[in-house]
Amino acid sequence: MENLIEIRGLSKCYHDFALENVDLTVPAGCIVGLIGENGAGKTTTLKAILNIVHPDSGEIRLMGKDPSDPESRLQVGTVFEDSYFHDCLNITKISRIMGKICVNWDEKMFLNYCRRFRLSEEKTVGEFSRGMRMKLSLATALSRHPRLLILDEATSGLDPVVR
């Protein structure tokens, strides 16, 4: 079975925090949850996997490649605690943008998720509640047909029914 994520000896130090010697393997087809207190290093670990932060030491393989490899990163869908879409965008504009930057973009799937999540096509992101922005991020990540889905606080802001 192929491993989608392999981490050996990951360490990252900040002035007030140190993530030390993390080992993690995630085989294809598995669901893994990182559970810990606030500030334990869960987000730092995920950002290192995604090549957003650079580790001080250790090795990370993403689908067998370095996390900086564009081919493997194209196969990852991500949802973070905050939505990163500009407030002036609406569903149609987001789909148009994503279609130009994502080779696997599935507009039909995206619009279907938006309807399922009751996201208005007329409203802009700035008019969405926090929970609606999280639904938008989930719809966007899933509509890229990712081999790997990385969620960080993806249910924060969502009501219990949607969670």
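Above: the structure in question.
Everything numeric in this text was worked out from a predicted model, so none of it was measured. (Residues numbered from 1 in each chain as written. Predicted model: local features only at pLDDT ≥ 70, side-chain atom pairs only at ≥ 80, totals over all residues. Heavy atoms only, no water.)

Caption draft 1: Fine view of the pairing of strand β1 (residues 3-14). Strand direction decides the pairing type here: β1 and strand β2 (residues 17-27), joined by eight bridges, are antiparallel. Note that in β2 the partner of K12 across the bridge is L19. The antiparallel pairing of β1 with β2 creates a hairpin that spans two residues between the two strands. (Pairing = 2+ DSSP bridges. Helix = DSSP H or I, 4+ residues; strand = E, 2+ residues; numbered from the N terminus.)

Caption draft 2: The arrangement of the packing of helix α4 (residues 107-116) against helix α5 (residues 130-142) in detail. Relative to each other, α4 and α5 sit at 155 degrees, their axes nearing to 9 Å. Between α4 and α5, the angle falls in the class roughly antiparallel. As for how α4 packs across α5, the hand of that crossing is right-handed. Contact residues: M109, F110, Y113 and C114 in α4; L136, A139, T140 and L142 in α5. Of the residues assigned to the contact of α4 with α5, the class counts are seven nonpolar, one polar and no charged. (Axes fitted to C-alpha atoms, helices over the stretch in contact; angles between N-to-C directions. Parallel < 35°, antiparallel > 145°, perpendicular 65-115°, else oblique. Left-handed = near helix turned anticlockwise from the far one by under 90°. Contact = heavy atoms within 4.5 Å. Nonpolar A, V, L, I, M, F, W, Y, C, P; charged D, E, K, R; others polar.)

Caption draft 3: Seen up close, helix α1 (residues 42-49). Burial runs high along α1: six of the eight residues are buried. Buried residues in α1 make contact with β1, β2, β3 (57-62) and β5 (148-151). Just past α1, the residue N51 takes up positive phi, approximately 65 degrees. (Buried < 20%, exposed > 50% of the residue type's maximum accessible area, 1.4 Å probe, protein only.)

Caption draft 4: A look at the side chain of S72. Structurally, S72 can be placed in helix α2 (residues 70-73). For S72, a relative accessible area of 1% translates into the label buried. Of note is the side chain of S72, whose polar atom sits 3.0 Å from the backbone oxygen of D69. In this view, S72 contacts L62, M63, K65 and D66; residues no more than four positions away in its chain are not counted. (Polar contact = N/O pair within 3.5 Å; in protein donor to acceptor, adjacent residues only side chain to side chain.)

Caption draft 5: How the structure looks around the pattern of salt bridges. Summed over all chains, the structure comprises four salt bridges. D56 is the salt-bridge partner of K12, the closest N and O atoms lying 3.9 Å from each other. With K12 in strand β1 and D56 in the loop between α1 and β3, this pair connects stretches of sequence that are 44 residues apart. Under the relative-accessibility criterion, D56 is labelled partly exposed at 46%. For K65, the salt bridge goes to E71, with nearest N and O atoms at 2.8 Å. Judged by its relative accessible area of 48%, E71 falls in the partly exposed class. (Salt bridge = Lys/Arg side-chain N within 4 Å of Asp/Glu carboxyl O.)

Caption draft 6: Structural detail: the packing of aromatic side chains. Evaluation of the coordinates by the stated rule reveals three aromatic pairs. Taking NZ or CZ as reference, K12 lies 5.4 Å from the ring centre of Y14, over its face. (Phe/Tyr/Trp six-rings, centres within 6.5 Å; stacked < 30°, edge-to-face > 60°. Lys NZ or Arg CZ within 6 Å of the ring centre and 35° of its normal.)

Caption draft 7: Inspection of the nonpolar core at higher detail. Residues I91, I94, F110, L119 and L136 are the most contacted members of the largest nonpolar core, which totals 22 residues. Broken down by secondary-structure element, the contributors of at least two residues to this core are α3 (91-101), α4 and α5. The element best represented in this core is α5, accounting for six residues. Membership of the second largest hydrophobic core comes to 20 residues, among which are I5, L19, I60 and L148. (Core = buried A, V, L, I, M, F, W, Y, C linked by side-chain atoms within 4.5 Å.)

So, to be careful, I would describe these as geometric facts and stop short of saying anything about function.
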